[in-house]
Structure formats: C-alpha cells, structure tokens
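# Understanding the architecture of this molecule
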Amino acid sequence: MITRTRLAAGACALLAALAAGMAFPAGASAGEPTGEDAPKVDLVLDVSGSMRTRDIDGGTRMAAAKQAFNEVLDATPEEVQLGIRTLGADYPGDDRKTGCKDTAQLYPVGPLDRTEAKTAVATLAPTGWTPIGPALLRAADDLDGGDGSKRIVLISDGEDTCAPLDPCEVAREIAAKGIGLTIDTLGLVPNTKMRQQLSCIAEATGGTYTSVEHTDELTDKVNQLVDRAADPVVTPVATEGADACAKAPTLKSGLYTDREEFGQQRWYRVDVEPGQELRASVSVGADRAVNPSYGVLLRAVTAHGREIVRGEAAGDGRTDVLSTGLRYPKSESDEDDATAEAVCLQVTNSFSVAAGVKTTPGLPLELTVDVVDGPGDSDDVAAFGLGRGWWLLGLLVLVGFVAGLLWGWLSRWRFAIWRTN
C-alpha cells in the first residue's frame, strides 16, 4: 500500500529511527519483532511476450530486468534466503488453459549461490502469457514454513491474462492465511489498469507498489525490498482513531496502523509524564490513483485544544506516500503529585481522487509513538527550547541591539570629526 518514497526520504528516515529505537517488554503487543528464522524472498518475474518491448533506456524490458537481477544478486545479504519464480516463460502457444499454468521455480528459495542464480536468469527469454494469480499462489508455497519474514517481489509489465482467477483476490487469500507474507509489486512502464491491479495486490498484504521506467530505478527498488526482508519483523497493531480528541484511544509506545478517509481527521491520545518526551510520526499512503497536490498534517494538542507543536508535509503527485513527525518534551515538575498530561495527536490529510475512483476503504495510515525520558542536560537543545526558535530570536535581538549602539557611536564620531574640520 505504501509506494515510491523518494520525496519523503527525510521524513521516512525519522519514522525508521523511531521504530528502530522502540523498546518493548516481553509481552508487548505494539510493533514487537517476531521470529528468528532466516528471512525469505521470492522474486517473481514476468517473462511474457510483452517483455520484448524496447522502451526502457533504449533496450528491452527483459534486458533491464536481467541487468537489475544480476546487480541485486550481487548485493543480497548473506542471511537472506532468495528464490526466483517466473511466469509466462515456457509456453509460446495460444491455448489459454495451458498458458495460465505457465509458472515455474527458476531458482529455489534457500541459501544463495550467486553464480547458479545468474546463470538461470541468463537463460530467460520473453515467451507467453501473464498468469499473475497462479504465480502468486505458487510463490506463497515456495515461502511456506518458518517464522522469519517472507516477501514476494513481483515484477510485471502488464495485467493478468488469466481471469477469473483475480490476482487481488489471490493476494487477499494469502493475507487471510495469517502467515505474515508481504507482496511488493513493481510495474514496468505501467498503464492505468496495470497500476490499479498491482496496487491492489500490494495493498492486500501491506506491501508497496512502485512504477518503474528506468533500469537503475528497478535495481534500486528491488535491492531496497530484499534488504528490507533482512530487517527484524515488526508487526503493527491495528487501532481505530476517533473523530474527536475526547473520544480518542490512548496509545502506548508502539507502531500502529489505521485507515483514514479522504479529508478525514483521526485522533489519538498519549499520556506524557513530567520529564518525558513524546516522539511521534505518521505516514499516509495513496494506494490508489489520487489527484496531484496533497498534504498530511500531524498536530499535538492539549486536551483543551491548544496546539503544542505540529509537523506537516506536502506532495505534488510524484510520490505515493507522505510522512511527517514531531517532538514534544514535557518539562520536569517540582510537585511530587504531578500527573501525566494527556496529549492528543491529530492526523489530517488533503488527498483527493477523480470521479470514479473508490474512496473506501480509507487510506492506509501508519503511526509511530515513542515516549522516552526527556532531555536532562542543560545544553540539550530541546531543554532550552532552541528547537522552537526562542533562543535564536533572543540572540538576533541582542546582536541587533549591539550593532545599533556601535553604529550610533560611529555616526556621532564621524559627525564630530566633520564639524571640527
């Protein structure tokens, strides 16, 4: 559901840092890493006849895929068990029933022999149909077993040609099994119909969709997804924000998911003790075609509605996810019976869609909450409030005052010299 993120790189780095820095007790239910088995990735490559088309950097789509695969195989982490499955690689005929069974395991999921895998990729030639649904079902079987992360990366240049086995329904069926498998999709030179289908597949399992038009983009994205499989598995906790602060659910430190309708506000509450600091970030993804020019706003307000701090981000249509974050350090209290402050987090988006695009379910939302010990050293930026600009403003006022005195003294001295002469 969450796709290209280049424009949001800075904000997403904040999200990753917060998620990585969370410390949960043994029984934590929010964002707890699970499983110690080796992570598994199955690269599913479309080798249908349309991959002969020459429209990627002057070469064929197949050539771009082969080059990307070779570079990805060189960069795959040692701890990742990787496999390769094809669809449409073997049957060149016109029989639909046979063509829709054309999916094969080119390289089995397991410890990677780079030379053997590259040799297998080199033999591929664009051939037949595009049985995405059957290939996904078989790829899920390829990854069966173990508690480590499981990821399918589907690369295709066209929509499925084997309906009524709808690939979206297949993805939902895989997600319903509860095996923790994520499907990420990449569309080569996509059209609207293909984009909708691949986005739907990714959204069903919490994966990402990315459109690709250049070889280096394909290489970078596949590398990113393979590397992501090696990260600890973090399971977000589903929550449901309210339409007002007073009704909002109270959240602890953790990673949460929700859905937000177009233009809707979602409210959540976090208790912050004196001497603690609240760090929060939010990402809202466009898992369907949206109009350009949109934004996401994250506000921290008191229970009485006074804004404390905000974070906001805007997009122009070239990225499908927006992220922003904020920090709120609560000062220490001299009172022994000081209580926690209820801070309300408000998430608002300004996404919109053209007529005919479904607006339900809402947009996928991911919220990270981290409550940590606040700054204790006197030289900490947050403790002094420099982040809010007060010390910078005071410094500028002081510099301006001193500069004014010096200029005035210099002007009077020059005037005195002029009168003497």
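Whatever comes next refers back to the structure up there.
Residues numbered from 1 in each chain as written. Predicted model: local features only at pLDDT ≥ 70, side-chain atom pairs only at ≥ 80, totals over all residues. Heavy atoms only, no water.

### Observations concerning the packing of helix H5 (residues 132–142) against helix H6 (residues 167–176)
The geometry of H5 relative to H6 is characterised by a closest axis approach of 8 Å and an angle of 15 degrees between their N-to-C directions. By the angle between their axes, H5 is roughly parallel relative to H6. Seen along the crossing, H5 lies across H6 with a hand that is right-handed. In contact with Ile 132, Gly 133, Leu 136, Leu 137 and Ala 140 of H5, H6 contributes Pro 167, Val 170, Glu 173 and Ile 174. For the contact of H5 with H6, the class distribution of residues is seven nonpolar, one polar and one charged. (Axes fitted to C-alpha atoms, helices over the stretch in contact; angles between N-to-C directions. Helix = DSSP H or I, 4+ residues; strand = E, 2+ residues; numbered from the N terminus. Parallel < 35°, antiparallel > 145°, perpendicular 65-115°, else oblique. Left-handed = near helix turned anticlockwise from the far one by under 90°. Contact = heavy atoms within 4.5 Å. Nonpolar A, V, L, I, M, F, W, Y, C, P; charged D, E, K, R; others polar.)

### What about the packing of H6 against helix H7 (residues 192–204)?
Two elements in contact, H6 and H7, have axes separated by 8 Å at closest approach and are oriented at 10 degrees. It follows from the interaxial angle that H6 and H7 lie roughly parallel. Contacts from Pro 167, Cys 168, Ala 171, Arg 172 and Ala 175 in H6 reach Gln 197, Cys 200, Ile 201 and Ala 204 in H7. When grouped by side-chain class, the residues that make up the contact of H6 with H7 number seven nonpolar, one polar and one charged.

### A closer look at the pairing of strand E16 (residues 307–315)
Note: strand E15 (residues 294–301) against E16, eight bridges, orientation antiparallel. The residue bridging Ala 300 from the neighbouring strand is Val 309, located in E16. With antiparallel pairing between neighbouring strands as the criterion, E15 and E16 make up a hairpin whose turn holds five residues, including Gly 305 at a positive phi of roughly 95 degrees. (Pairing = 2+ DSSP bridges.)

### Brief notes about the nonpolar core
Ranked by internal contacts, the top residues of the largest apolar core, which has 32 residues, are Leu 43, Leu 45, Ile 155, Leu 186, Leu 218 and Val 226. Those elements that place two or more of their residues in this core are strand E2 (40–46), helix H2 (61–75), strand E5 (81–87), helix H4 (114–122), strand E7 (150–156), strand E8 (181–188) and helix H8 (215–229). Of all the elements, H2 adds the most residues to this core, at seven residues. Aside from chain neighbours lying at most four places away, what touches Leu 43 is Phe 69, Leu 82, Gly 83, Ile 84, Arg 85, Val 153, Val 222 and Val 226. Counting 28 residues, the second largest nonpolar core, distinct from the first, contains Val 270, Leu 322, Val 347 and Val 369. (Core = buried A, V, L, I, M, F, W, Y, C linked by side-chain atoms within 4.5 Å. Buried < 20%, exposed > 50% of the residue type's maximum accessible area, 1.4 Å probe, protein only.)

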